Amino acid sequence: MDTKEIVNVSNLKKTYGDFTAVNGISFSVQPGEIFGFLGPNGAGKTTTINMMIGLTKPTEGSITIDGIDAQKHTKKAQALMGIVADESNLYDEMSGFDNLCFCASLYGMKKEERESRARQLLEQFSLAQAGNRPFKAYSKGMRRKLTIAAGIIHYPRILFLDEPTTGIDVESARQLRELIVDLKNHGTTIFITTHYIEDAERICDRIAFIVEGKIVATGTVEELMESMSSGHTLQLVTEQDAQELADDLQARFEGSKVSAAKGNTLNIVSKDRIPLLPVMQYFDQKGITVYEAKELRLTLEDVFVKITGIESGHLEKEKAGAGK
Amino acid sequence: MSTWIAFWNILKKDMKNYYLMPSNVNWGIFFPVSWTLTQFIRSSGNIDVLEFLPGLMAVSVLFATTSMLSVTITFERKGRSFERLLLAPLSLNALLLAKITGTILFGLFIASVPVLLASFFVSLSGVNWGMAYLSVLLIALTSTLIGLVIAVSAKEVFEAQMMSNFFRFPMMFLCGTMMPVQKLPALLRIAAYCLPLTYGTDILNRSITGASALPPLACIFALAVFSAILFGASRYTINNKWIS
């Protein structure tokens, strides 16, 4: 894989009067990866993407796209980009096929080339049957798919996706996620903004958490989880009250910290992974039945809450609001 | 080559989606017809077609072009499809020229409707068609650019329509389309010469009736200056207000 960064953002800042929307952020995107910007509404995600694509002028900082200074040579940089806005901004009266052909023409593609590419994308995005229908007759999920198809019609080096699954049903969102991963597997670099944790967790190779215009953490899902992990936790549900068992179990497993959770649930926390056999042998010797044993793992949502201090309930509210 | 492909396809899309829509074509026919009928009734049938024709052509082009471009761009901007055009690797000049070319062509079509109507009532053999259509082109260009200035300033379609009327109605009364500018009071005459339509109507008058207040070259120069200012103002607004 080519390791030259395709996007490099350095000390990017955007202020509107006294309000700082984006506050000196820096990051880079490697070729062939899906890089996600995760943050609540108003965190600065769209402002950042708008500065990168040339729709907003940065107050400070630099942006290079495939080595091109995107502020000095905006049109050159835009030729390398595919851009999918957070709304489906195609032409209602035109058919899906005509919309794709028109978008291709904006990048100078010739008639035969754009028509064959449009047919190929309609097929790839399972929209071939609807290709001649006007865009206004498409469902929300179909509209998002066609908008993404329009974004990649000219074979961009990098695709910018702003909130791709917002406002669409669960099945369409699943299909879109599959399509995005498929695009990545075919070599497209993707920059995606989202406030859906599951989108970021399922499809992104690397994620940046952005809050109040600042990047507070960047890394792969595993790296982010590792950074917040305080050890391994084994959770057991037995037939006996956990409080009665905790002290005895603590004496047996000295290197670990045993605590009683509610009811008959026990947690064993250790720096290293906890082998199951000695634990089960202990309970077997005591004649205590174990109903359930599982390793507790941090979710990306837990990590997000720990790092950003934003309650998961707040994001849930945003999800519900966005889905309306 | 790639700029030309984009230019041509934007023009083709606008023609198909907006200008060749039956409602707009019908408007282009009914507007001059109803205007002519109004004048015909007002003058009890004693209408001098040749004297009436330049004003009618100028007003038709003014009304068609200012509203069409301002409404279509505001509409596209609201639906964010204009953002797609702005983000394409196409210079802003080429994009704006593609958008205004469709409107100018629509203006040329609208101007031809009164000509066709007039040909049934009077001989048009004395008309200098080259000069007539040059003036129509210049009227269409400046009116379209007024529409562009409105489009880049308005946020809503109704706002664009309201602003179009703010420009159009004073121009209709001041610019020699209904009465010669020379008959206006001195202050209004000054105001008239601050408006591009006055110069376009003057050349159109000369090409159809042979009478004009100013030399055609002076009018062409004035219209070129207006066009450059309006185009520059639109570019500035997009660059500084839309991409801010």
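Given the structure is predicted, the values throughout are model-derived calculations rather than measurements.

Here we take up the overall build of chain B. Regarding its fold elements, chain B presents 10 helices and zero strands. Secondary structure of chain B in N-to-C order comes out as α-α-α-α-α-α-α-α-α-α. Radius of gyration (C-alpha) of chain B: 18 Å, near the 18 Å computed for a compact globule of 244 residues. Principal-axis analysis of the C-alpha atoms places the extent of chain B at approximately 55 × 40 × 35 Å. For chain B, the proportion of its 244 residues judged to be buried stands at 52%. Sequence separation of 24 or more characterises 76% of the internal contacts of chain B that already satisfy a separation of 6 or more. Of the accessible surface of chain B, which amounts to about 10900 Å², a share of 71% is contributed by carbon and sulfur atoms. Looking at charge distribution, chain B has the averaged site of its 16 positive side-chain charges lying 5 Å from that of its 8 negative ones.

All names here are of chain B. Taken together, the side chains of Phe169, Phe173, Met178 and Met179 present a nonpolar region at the surface, about 370 Å² in accessible area. Mapping phenylalanine 169 onto the fold places it in helix α7 (residues 157–174). Judged by relative accessible area, which is 34%, phenylalanine 169 ranks as partly exposed.

What follows deals with the pairing of strand β10 (residues 214–219) of chain A. Residues and elements named next belong to chain A. Across five bridges, strand β9 (residues 206–211) lies against β10 in antiparallel orientation. Looking across to β10, one finds that alanine 208 is bridged to threonine 218. Linking two consecutive strands that pair antiparallel, namely β9 and β10, is a turn of two residues; a positive phi of about 45° is found at glutamate 212 within it.

Turning to the domain arrangement of chain A, a few remarks are in order. Assigned domains of chain A: these are domain 1 (7–80 + 157–226) and domain 2 (231–297). The distance between the C-alpha centroids of domain 1 of chain A and domain 2 of chain A comes to 42 Å.

Phi is positive for serine 126 of chain A, close to 55°, though the residue is something other than glycine. Owing to a relative accessible area of 59%, serine 126 of chain A belongs among the exposed residues under this scheme. Positioned with a positive phi, arginine 80 of chain B is a non-glycine residue whose angle comes to about 65°. Within the secondary structure, arginine 80 of chain B is located in the loop between α3 (49–78) and α4 (81–86).

Another point: the sheet that holds strand β14 (residues 290–296) of chain A. Residues and elements named next belong to chain A. In space, the four strands of this open sheet follow the order β12-β13-β11-β14, with antiparallel pairing throughout. Each end of this open sheet is capped by a strand with a single partner; those strands are β12 (257–260) and β14. Neighbour to neighbour, the strand axes of the sheet diverge by 20° on average, direction disregarded. With respect to the sheet, helix α9 (residues 242–252) is in contact with β11 (232–238), β12 and β13 (265–270), its orientation differing from that of β12 by roughly 170°. In the packing of helix α10 (residues 276–286) onto the sheet, the strands contacted are β11, β13 and β14, and the crossing angle to β11 comes to about 25°.

Let us now look at the interface of chain B and chain A. Listed per partner, the contact involves 26 residues of chain B and 29 residues of chain A. For the pair chain B and chain A, the summed buried area comes to about 2500 Å², and 58% of that belongs to carbon and sulfur atoms. Along the contact surface separating chain B from chain A lie three salt bridges. A salt bridge links aspartate 98 of chain A to lysine 16 of chain B, with the shortest nitrogen-to-oxygen separation between them at 3.9 Å. It is helix α1 (residues 2–19) of chain B that contributes the most residues to the side of chain B that touches chain A, eight residues altogether. Looking at the side of chain B that touches chain A residue by residue, the classes come out as 12 nonpolar, eight polar and six charged.

Taken as a whole, this structure holds two cavities of 30 Å³ or more when the rule is applied. Estimated volume of the largest cavity: approximately 120 Å³. Around the largest cavity, the lining comprises 13 residues; the ones closest to its centre are Ile83 and Tyr107 of chain A together with Glu83, Arg84 and Leu87 of chain B. For the lining of the largest cavity, the secondary structure elements donating two or more residues are α5 (140–152) of chain A together with α4 of chain B. Of the residues in the lining of the largest cavity, the class split is eight nonpolar, three polar and two charged. There is about 70 Å³ of room inside the second largest cavity. Around the second largest cavity, the lining residues are Thr46, Ile49, Asn50, Ile53, Leu55, Ile83, Val84, Ala85, Phe160 and Asp162 of chain A together with Arg80 and Glu83 of chain B.

Parameters at a glance
Residues numbered from 1 in each chain as written. Chains lettered and ligands numbered in written order. Predicted model: local features only at pLDDT ≥ 70, side-chain atom pairs only at ≥ 80, totals over all residues. Heavy atoms only, no water. Helix = DSSP H or I, 4+ residues; strand = E, 2+ residues; numbered from the N terminus. Rg over C-alpha atoms; globule rule 2.2 N^0.38 Å. Buried < 20%, exposed > 50% of the residue type's maximum accessible area, 1.4 Å probe, protein only. Contact = heavy atoms within 4.5 Å. Areas by Shrake-Rupley, 256 points an atom, 1.4 Å probe, with all protein chains shown as cover. Lys, Arg positive; Asp, Glu negative; His and termini not counted. Charge placed at Lys NZ, Arg CZ, Asp CG, Glu CD. Patch = residues over 30% accessible without salt bridge, like charges linked within 9 Å, V, L, I, M, F, W, Y side chains within 5 Å. Salt bridge = Lys/Arg side-chain N within 4 Å of Asp/Glu carboxyl O. Pairing = 2+ DSSP bridges. Domains from an automatic or database assignment. Axes fitted to C-alpha atoms, helices over the stretch in contact; angles between N-to-C directions. Buried area = accessible area lost by both parts, 1.4 Å probe. Nonpolar A, V, L, I, M, F, W, Y, C, P; charged D, E, K, R; others polar. 1 Å grid on protein atoms, 1.4 Å probe; cavity = no way out; pocket = protein on both sides within 12 Å on 5 of 7 lines; lining within 4 Å. Points joined across faces, edges and corners; volume = space filled by probe spheres on them.

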